[in-house]
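An overview of the molecular structure
The residues making up each chain are set out below.
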Amino acid sequence: MEYLMKTHMKLSAKLLAVGAALLAFVWLAPLAAQAPVLYVWHDGNVRHEIWLQPDLLADFTGGAGARSVDASARMAANAGAARIYRVNNSAVRSDLAEGKMSRLSGVQVSPVVRSGGILRALPGGVIVSLNPNWTDAACRSWIGGQSLAIVKKLPVNGNFYLLSTPAGMLSLQIANNLHALPDVITAFPNWWVQQSTR
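Notes on the structure in this doc start here. (Residues numbered from 1 in each chain as written. Predicted model: local features only at pLDDT ≥ 70, side-chain atom pairs only at ≥ 80, totals over all residues. Heavy atoms only, no water.)

Looking at the overall build of the chain
Selection criterion: Segments assigned H or I by DSSP are reported as helices when at least four residues long, segments assigned E as strands when at least two residues long, and all are numbered from the N terminus. By definition in these notes, contact holds between two residues if any of their heavy atoms fall within 4.5 Å. With residues, only the protein chains shown are counted as cover, and all accessible areas are computed by Shrake-Rupley using a 1.4 Å probe.
For the chain, the count of helices and strands is five helices and eleven strands. Long-range pairs, those at least 24 residues apart, make up 62% of the contacts in the chain between residues at least 6 apart in sequence. When the accessible surface of the chain is split by element, carbon and sulfur atoms take 59% of a total near 11,600 Å².

Structure representation (structure tokens):
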């Protein structure tokens, strides 16, 4: 009898542990999936944090891009070059919240991020400033060596160039990769930034 009692208690403890683990998974998994995704970008030596808004997409095509990603997306704001769409498809929102951007490749749309209450998006392009002692020819050669194309040299002092990149998070990744290289003074995405109304 004592043996049966001990066996029953061990089995009960195991079932209780499995039940608690299952309950924790069921209750906590949705919370983990909704945790905000942090990205960073750099402006010179200043590190900026931005938080993904998984329920929003910025469309730079007039609406066709966002609707190709989520046919049920609805325009939330018409903000100059960008139209901001609210994502209704839960699978798309989930992918964005988890940092999965493959749905957006080849489409002129960008996830929307928030920084200090301001919305930002990535229409494509990276602005880079290179070693001020380099000639224009040396800068162009270096940029070509990175397998990047120049859109234009910017009309400011120094070696500032707008480089061509796809829209979306790939432009942020390229900017951050360039930022880490020697002879790069700064590299940051060509941001679309929400204009505040006063």
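Describing the sheet that holds strand β8 (residues 149-153)
Threshold: Criterion used throughout: strands pair if DSSP finds at least two bridges between them. Angles here are taken between N-to-C directions and fall from 0 to 180 degrees, while the axes themselves are lines fitted to C-alpha atoms, restricted in helices to the stretch in contact.
A sheet is described by the order of its strands in space; here four strands give the open sequence β8-β9-β7-β10, paired in antiparallel fashion. Of all the strands in the sheet, just β8 and β10 (184-189) have a single pairing partner and so form its edges. Put simply, the sheet's adjacent strands are angled 30 degrees from each other on average, direction ignored. With five bridges connecting them, strand β7 (residues 126-130) and strand β9 (residues 159-164) associate as antiparallel partners. Residue pairing in the sheet places S129 in a bridge with F160 of β9. Its contacts with the sheet place helix α4 (residues 136-145) against β7, β8, β9 and β10, and it is angled at close to 30 degrees to β9. Its contacts with the sheet place helix α5 (residues 169-179) against β7, β9 and β10, and it is angled at close to 170 degrees to β10.

As for the packing of aromatic side chains
Just so we agree on the cut-off: Classification of ring pairs rests on two measures: the distance between centres of Phe, Tyr or Trp rings, Trp counted by its six-membered ring, which must be within 6.5 Å, and the angle between planes, read as stacked under 30 degrees, edge-to-face over 60 and tilted in between. Buried residues are those whose accessible area, probed at 1.4 Å on protein chains only, stays under 20% of the maximum for their type, while exposed residues exceed 50% and partly exposed ones sit between those limits.
Using the criterion set out here, one finds three aromatic pairs in the structure. Ring plane angle 65 degrees and centroid distance 5.5 Å describe the contact between W41 and W191, whose orientation is recorded as edge-to-face. Highlighted residues: W41 in strand β1 (residues 38-43) and W191 in the loop between β10 and β11 (192-193), separated in sequence by 150 residues. Each member of the pair, W41 as well as W191, is classed as buried.

Some details on the side chain of H42
As for its position among the elements, H42 is in strand β1. Apart from the residues within four sequence positions on either side, H42 is in contact with R47, N176, H179, T186, A187 and F188.

Here's the deal with unusual backbone geometry
You will see that S147, though not glycine, has its phi angle at about 60 degrees, which is positive. One can find S147 in the loop between α4 and β8. Of note in this structure, D183 is not a glycine but carries a positive phi near 70 degrees.

What to know about the nonpolar core
Short version of the rule: Only buried residues count toward a nonpolar core. Its members are Ala, Val, Leu, Ile, Met, Phe, Trp, Tyr and Cys residues joined through side-chain atoms within 4.5 Å.
Among the nonpolar cores identified, the biggest contains 24 residues, and Y39, I50, L172 and W191 are the most heavily contacted of them. Contributions of two or more residues to this core are made by β1, β2 (46-59), α2 (64-69), α3 (90-97), β5 (109-115) and α5. If you tally residues by element for this core, the top one is β2, at three residues. When near neighbours in sequence (up to four residues on either side) are disregarded, I50 contacts V37, L38, Y39, V40, W41, V113, R114, S115, R120, L172 and W191. In terms of nonpolar packing, the next biggest core, distinct from the first, is built from 14 residues, V126, I143, L163 and A175 among them.

Considering α4
The periodicity of an α-helix, 3.6 residues per turn, causes residues three or four positions apart to be oriented the same way. This is how it is decided: Picture the helix axis, draw a direction to every C-beta atom, and the arc is the one those directions span.
Here α4 has its buried residues at C139, W142 and I143. For α4, the angular spread of buried residues about the axis comes to 100 degrees, placing them on one side. When the buried face of α4 is taken as reference, the exposed residues oriented beyond 90 degrees from it are A137, S141 and G145. Where α4 is buried, its residues touch β7, β8, β9, α5 and β10. The positive-phi residue at the C-terminal boundary of α4 is S147, with phi of around 60 degrees.

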